[in-house]
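Chain and residue survey
What follows is the residue order along each chain.
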Amino acid sequence: MKLIGIGFGSMVAAQRVLAIVAPDSAPIKRVIQEARDRGMLIDASYGRKTQAVLLMDTDHVILSALTTDVLATRWEDKQEVQENG
């Protein structure tokens, strides 16, 4: 299982990530609130400003203080390593 660092020592399974999105739009804010209401929100931002939202195939929503660009680069690097061996 490949893990992606999402900040402050927190990790997620790379193969479980469906999308990495910015938290600014109204639809994503609704997704965050709905996940909070269902108990499926994981706040891994450690009190910092949320810069990215990870949508997982388990229906969990994870908040990160790292930017979408940083997380996407880490995710892509894990995908390349997985494909190449």
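Here is a short report on the structure shown in this document.

Parameters at a glance
- Here the residue numbering is sequential within each chain, running from 1 through the sequence in written order.
- Reporting of local features is limited, given that this is a predicted model, to residues whose pLDDT is at least 70; pairs of side-chain atoms are given and counted only at 80 or more, and all residues count toward the totals for whole chains, interfaces and linings.
- With hydrogens and water set aside, each side-chain value is computed from the structure's full complement of heavy atoms.
- Here a helix means four or more residues in a row that DSSP labels H or I, a strand means two or more in a row labelled E, and each is numbered from the N terminus.
- Both definitions apply: the radius of gyration is a C-alpha atom measure, and the globule rule equals 2.2 Å times residues to the power 0.38.
- Whether a residue is buried, partly exposed or exposed follows from its accessible area with a 1.4 Å probe, protein chains only, as a fraction of its type maximum: under 20%, in between, or over 50%, in that order.
- Contact criterion: two residues are considered in contact whenever any of their non-hydrogen atoms come within 4.5 Å of each other.
- Only the protein chains shown count as cover for residues, and all accessible areas are computed by the Shrake-Rupley method using a 1.4 Å probe.
- Positive charges come from Lys and Arg, negative ones from Asp and Glu, while His and the chain ends are left out of the count.
- A single reference atom marks each charge: NZ on Lys, CZ on Arg, CG on Asp, CD on Glu.
- To estimate the expected span of a helix, subtract one from its residue number and multiply by 1.5 Å.
- As used here, the arc belongs to the directions running from the helix axis to the C-beta atoms.
- Two strands make a pair as long as DSSP finds a minimum of two bridges between them.
- Only the contacting stretch of a helix is used when fitting its axis, a line to C-alpha atoms as for every element, and angles between N-to-C directions run 0 to 180 degrees.

1. A short note on the overall build of the chain
Helix and strand content of the chain: 2 helices and 6 strands. Ordered by position in the sequence, the α and β elements of the chain form the string β-β-β-α-β-β-β-α. Relative to a compact globule of 85 residues, whose C-alpha radius of gyration would be 12 Å, the chain shows 13 Å and is just as compact. In terms of principal-axis extent, the alpha carbons of the chain reach across some 40 × 25 × 20 Å. The buried share of the chain, reckoned over its 85 residues, is 31%. Taking the contacts inside the chain whose residues are at least 6 apart along the sequence as the reference set, 50% of them involve residues at least 24 apart. Roughly 5,200 Å² of accessible area belongs to the chain as shown, and the carbon and sulfur atoms make up 51% of that amount. Taking the average location of the 10 positive side-chain charges in the chain and that of its 11 negative ones, the two points are 6 Å from each other.

2. Here's the deal with unusual backbone geometry
One non-glycine residue, F8, lies in the positive phi region at around 55°. Tracing the backbone through its elements, the reader meets F8 in the loop between β1 (3-7) and β2 (10-13). The phi dihedral of D59 is positive, around 75°, even though this residue is not glycine. Turning to its location among the elements, D59 is positioned in the loop between β5 (52-56) and β6 (61-64). On the basis of relative accessible area, D59 is assigned to the partly exposed category, the value being 45%.

3. Looking at helix α1 (residues 26-38)
Given 3.6 residues to a turn, an α-helix orients residues that are three or four positions apart in the same direction. Its 13 residues place the ends of α1 18 Å apart at the C-alpha level, agreeing with the 18 Å of an ideal helix rising 1.5 Å per residue. All of the buried residues along α1 are I28, I32 and A35. Down the axis of α1, the buried side of the element spans an arc of 65°, and every buried residue falls inside it. Within α1, the exposed residues directed more than 90 degrees away from the buried face are R30 and D37.

4. Section: the sheet that holds β6
Taking strand neighbours across the sheet as the criterion, the 4 strands line up as β3-β5-β6-β4 in an open arrangement whose pairing is mixed. Two strands bound the open sheet, and with one partner strand each, they are β3 (17-21) and β4 (41-43). Looking at each pair of strands side by side, their axes are set apart by 20° on average, direction ignored. Note that β5 and β6 share 4 bridges and pair antiparallel. For A52, the partnering residue across the bridge sits in β6 and is S64. Together, β3, β4, β5 and β6 form the strand contacts of α1, whose direction differs from that of β6 by roughly 115°.

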